[in-house]
Amino acid sequence: RKARICGRLELASLLESELGGRRCEIINLSSQPELNGKTCVADEYLPGSNQYNVTLETKSKEVLVLSPDNLKRRDRTPQDCGYYIEFKNGRTIR
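If you're wondering where the values come from, they're calculated on a predicted model, not measured in any experiment.

**Let's talk about the overall build of the chain**
Part 1 of the reasoning: Per the secondary structure count, the chain includes 2 helices and 7 strands.
Part 2 of the reasoning: From first element to last, N terminus to C terminus, the chain shows the α and β order α-α-β-β-β-β-β-β-β.
Part 3 of the reasoning: A total of 94 residues make up the chain; the buried ones form 29% of that total.
Part 4 of the reasoning: Considering only contacts within the chain whose residues lie at least 6 apart along the sequence, 34% involve residues at least 24 apart.
Part 5 of the reasoning: A total accessible area of about 6800 Å² is found for the chain, and carbon and sulfur atoms account for 49% of it.

**Examining the side chain of S67**
Part 1 of the reasoning: Looking at the element boundaries, S67 is found in the loop between β4 (63–66) and β5 (71–73).
Part 2 of the reasoning: Beyond its immediate stretch of four places on either side in the chain, S67 contacts N50 and Q51.

**A few points about unusual backbone geometry**
Part 1 of the reasoning: For N28, which is not a glycine, the phi torsion comes out positive at approximately 50°.
Part 2 of the reasoning: Mapped onto the secondary structure, N28 falls in the loop between β1 (23–26) and β2 (39–46).
Part 3 of the reasoning: In this structure, K61 is a non-glycine residue whose phi angle is positive, near 50°.
Part 4 of the reasoning: Assignment of secondary structure puts K61 in the loop between β3 (51–56) and β4.
Part 5 of the reasoning: Residue class for K61 comes out partly exposed when judged on its relative accessible area of 48%.

**What to know about the nonpolar core**
Part 1 of the reasoning: I26, C40, Y52, V54, L64, L66 and L71 are the most contacted members of the largest nonpolar core, which has 14 residues in total.
Part 2 of the reasoning: Elements with a contribution of two residues or more to this core: β1, β2, β3 and β4.
Part 3 of the reasoning: Here L71 is in contact with L19, C24, E25, I26, I27, C40, Y52, V54 and L66, once residues within four sequence places are set aside.

**Structural notes on the state of the cysteines**
Part 1 of the reasoning: Tallied over the entire structure, the rule returns 0 disulfides.
Part 2 of the reasoning: We note that C24 lacks a disulfide partner, and the nearest cysteine sulfur, in C40, lies 5.2 Å from it.

**Section: the sheet that holds β5**
The strands making up a sheet associate through hydrogen bonds between their backbones, and the pairing can be parallel or antiparallel.
Part 1 of the reasoning: The sheet built from 5 strands is open, its strands ordered β4-β3-β2-β1-β5 with antiparallel pairing. Only two strands of the sheet have a single partner each, and these edge strands are β4 and β5. Averaged over all pairs of adjacent strands, the angle between their axes in this sheet comes to 45°, without regard to strand direction.
Part 2 of the reasoning: Two strands pair when backbone bridges link them, and β1 and β5 are joined in this way by 3 bridges, in the antiparallel orientation. The partner of C24 across the bridge, within β5, is R73.

Rules behind the numbers
Residues numbered from 1 in each chain as written. Predicted model: local features only at pLDDT ≥ 70, side-chain atom pairs only at ≥ 80, totals over all residues. Heavy atoms only, no water. Helix = DSSP H or I, 4+ residues; strand = E, 2+ residues; numbered from the N terminus. Buried < 20%, exposed > 50% of the residue type's maximum accessible area, 1.4 Å probe, protein only. Contact = heavy atoms within 4.5 Å. Areas by Shrake-Rupley, 256 points an atom, 1.4 Å probe, with all protein chains shown as cover. Core = buried A, V, L, I, M, F, W, Y, C linked by side-chain atoms within 4.5 Å. Disulfide = S-S within 2.5 Å. Pairing = 2+ DSSP bridges. Axes fitted to C-alpha atoms, helices over the stretch in contact; angles between N-to-C directions.

Okay, structure coming up:
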């Protein structure tokens, strides 16, 4: 809401969307089935088409436009060693 009030409409749309700014898994993508199971970040919501610009979490950092039907939210967890960080006994543990 604050972003919208400050005139940051693009950021507000992203934050208000279901997957905006979230880590996702690509699913049911028939046009490029090799990408199914890959992870990405939904960087920008495109309200006119109800799609997202996503950046793959690969070395290439390829950017794609995908439908929410092809994205499944996949937040980091202790079992997913990607960037999960834990703070214990005054120390940061990766």
